[in-house]
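Here is how the chains run, residue by residue.
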Amino acid sequence: MKYIIPLTILTAFFVSCEKELDFHYHDVAPQLVIEATVSDRGTNILLTNTTPMGEAMNLTPLTDAEVIVTDMTDGHSRTIVAGPDGAYTDDMAGIEGHEYRINVNREGRSYESSCTMRSAAEILALDFQWIKMPYDYVAVLQVSFTDSDTSGDYYWVRLLRNGEPYMWSVTDDSRAVGGVIHEVIRTSRKEIDKEDDKTVLRDGDRITVIVAPVSRDMADYLTALEKDSNGPRMFSGDFCLGYFLAASLSESEIIYRPDEMKEYK
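Parameters and conventions
- Going along each chain's sequence as written, the residues are numbered from 1 onward.
- Local features in this predicted model are restricted to residues whose pLDDT is 70 or higher, and side-chain atom pairs enter the listing and the counts only when it is 80 or higher, whereas totals over whole chains, interfaces and linings include all residues.
- Water and hydrogen atoms were dropped before computing side-chain values, which therefore reflect all heavy atoms in the structure.
- Runs of H or I in DSSP of at least four residues are treated as helices and runs of E of at least two as strands, each being numbered from the N terminus.
- Summary of the burial criterion: residues with accessible area below 20% of their type's maximum are buried, those above 50% are exposed, and those between are partly exposed, where the area comes from a 1.4 Å probe applied to protein chains only.
- Whether two residues are in contact is decided by their heavy atoms: any pair within 4.5 Å suffices.
- For the accessible areas, the method is Shrake-Rupley and the probe is 1.4 Å, while residue cover comes only from the protein chains on display.
- Only four residue types enter the tally: Lys and Arg on the positive side, Asp and Glu on the negative side, with His and both chain ends excluded.
- Put simply, a salt bridge is a Lys or Arg side-chain nitrogen that is within 4 Å of an Asp or Glu carboxyl oxygen.
- Whether two strands pair comes down to DSSP finding at least two bridges between them.
- Polar contacts, as counted here, are pairs of nitrogen or oxygen atoms within 3.5 Å of one another; within protein the pair requires one atom able to donate a hydrogen and one able to accept it, and residues that are adjacent in sequence qualify only if both atoms are side-chain atoms.
- Only buried Ala, Val, Leu, Ile, Met, Phe, Trp, Tyr and Cys residues count toward a nonpolar core, and they belong to the same one when joined by side-chain atoms within 4.5 Å.

Q: So what exactly am I meant to see when it comes to the overall build of the protein chain here?
A: Within the protein chain one finds one helix and 17 strands. With 265 residues in all, the protein chain has 45% of them scored as buried. Counting contacts in the protein chain only where the partners sit at least 6 residues apart, residues at least 24 apart contribute 65% of the total. Element-wise, carbon and sulfur atoms account for 48% of the exposed surface of the protein chain, whose accessible area totals about 14200 Å².

Given below as C-alpha cells:
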C-alpha cells in the first residue's frame, strides 16, 4: 500500500485576555513518522522525519531502525529489513481476524502499536459524473462498496492518480443502504486551466481506488489530518507520528473520460 504522508507542520497560536504567548513552532525538532500497513498483500512500513517550518519537505526514508512485526494470535514474529527503496517490506500476508503488533526501535527510543486485521469490503462500482456548481461543473467519483453486517464500521477510501497518491476520504456505515456504501468524492473541475495541479484530472488519467476497513481510532486520526486538528495517538512508548493499519484491501480502477460523463444540475 502506498503512502499518505501525514501533515508535518503543527502551528499553534494561543491568545488570552492578559498576555499573548509566543510559541516557537519553527524550532520544533524533527519527529519520527511511522506509516505501517499489514494487508492481504504483505507488510509495508515507511519511516521518515517531519520537516522544519520553512524548509522543503524531505521524504528521505530512514533505514537505521529495528522493525519487528508480531502476529499476536499465533505468536509468530518476524524482523522486517529496509529494501533498496528505503521501505521495510515483507511478502508474508496478514490473516483476517488476527491481531498484529509492530515494534520500532531507533536511536534508543521505542514505539509500539497493535491492530486487528479487518475483512475486505468489495468494490461494486466506480462512476464519474459532472455536478453543476456555481463556479463550474465538477467531476465527482462515486465509489460503491459493500459494508459488513456489523455496525460502527469505518472505511478509508484512497485514490491514486496514475499510480501516485491523489485524494482520500473517510466514511462509516451510517451511510450504508442495503449493505452498500456510496461514497462521493469531489475531484477536478471541468475548466482544467482553472484547476490546481494537485487536483486536476485530464482525459485518460487512470484512477485507482483502494478501500480499507479501519478502526474508529484510525478514522479519527485520518479525520484529524484532514482538518488540521489533533487526533488520537496511534503509538505507545516514545512520541512519534503516523499509524499502523492491519486490513484486507479492495482495489479497482477507472479511466477518466470527461467527454463521456453525464451532467447533473
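So much for the structure itself; the text now carries on.
Q: Just to check I follow, could you spell out the side chain of E195 for this structure?
A: Looking at the secondary structure, you find E195 in the loop between β12 (180-189) and β13 (206-214). Salt bridges are absent for the buried E195, whose nearest opposite-charge side chain, R189, sits at 5.1 Å. With residues near it in sequence (within four places) discarded, E195 still touches T187, S188, R189 and V200.

Q: Please explain helix α1 (residues 216-226) as it appears in this structure.
A: In an α-helix there are 3.6 residues to a turn, and that puts residues three or four apart on one side. For α1, every residue scored as buried is listed here: M218, A219, Y221, L222, A224 and L225. Two residues or fewer after α1 comes D228, characterised by a positive phi angle close to 55°.

Q: Would you take a moment to explain the sheet that holds strand β8 (residues 123-132) for this structure?
A: In sheet architecture, strand pairing relies on hydrogen bonds along the backbone and comes in two forms, parallel and antiparallel. Read from one edge of the open sheet, four strands run β12-β9-β8-β17, paired in mixed fashion. Here the strands that pair on one side only, and so sit at the sheet edges, are β12 and β17 (263-264). In this sheet, β17 lies alongside β8 in parallel orientation, the contact comprising two bridges. Within β17, the position partnered with W130 by the bridge is E263.

Q: Could you clarify how one ought to interpret the sheet that holds strand β4 (residues 77-80) in this entry?
A: Taken together, five strands build an open sheet; the order of strands is β4-β3-β6-β7-β14 and the sheet is antiparallel. Edge positions in the open sheet fall to β4 and β14 (236-237), since each of these has one partner strand only. As defined by bridge partners, strand β3 (residues 66-71) adjoins β4 across four bridges and the pair is classed as antiparallel. Paired with V67 across the two strands is I80, which belongs to β4.

Q: For this particular structure, what's the right way to read the environment of N105?
A: Within the secondary structure layout, N105 lies in strand β6 (residues 99-106). N105 sits in the partly exposed class, given a relative accessible area of 26%. On a C-alpha basis, the gap between N105 and I68 in space is 8.8 Å, while along the polypeptide they are 37 residues apart. Apart from residues no more than four positions distant in its own chain, N105 is found in contact with A65, E66 and S110. There is a polar contact of 2.8 Å between the side chain of N105 and the side chain of E66.

Q: Help me understand the nonpolar core, please; the structure alone is not making it clear to me.
A: I34, I45, L47, V67, I102 and M218 are the most contacted members of the largest nonpolar core, which totals 39 residues. If one sorts the elements of this core by residue count, α1 sits on top with five residues.

Q: For this particular structure, what's the right way to read the pairing of strand β15 (residues 241-246)?
A: Taken residue by residue, a regular strand's side chains alternate between the two faces of the sheet. Judged by how many residues are buried, β15 sits mostly within the fold: six of six residues are covered. Of the two faces of β15, the one lined by L241, Y243 and L245 and the one lined by G242, F244 and A246 are each fully buried. The sheet contact formed by strand β1 (residues 32-39) and β15 spans six bridges and is parallel. The partner of T37 across the bridge, within β15, is L245.

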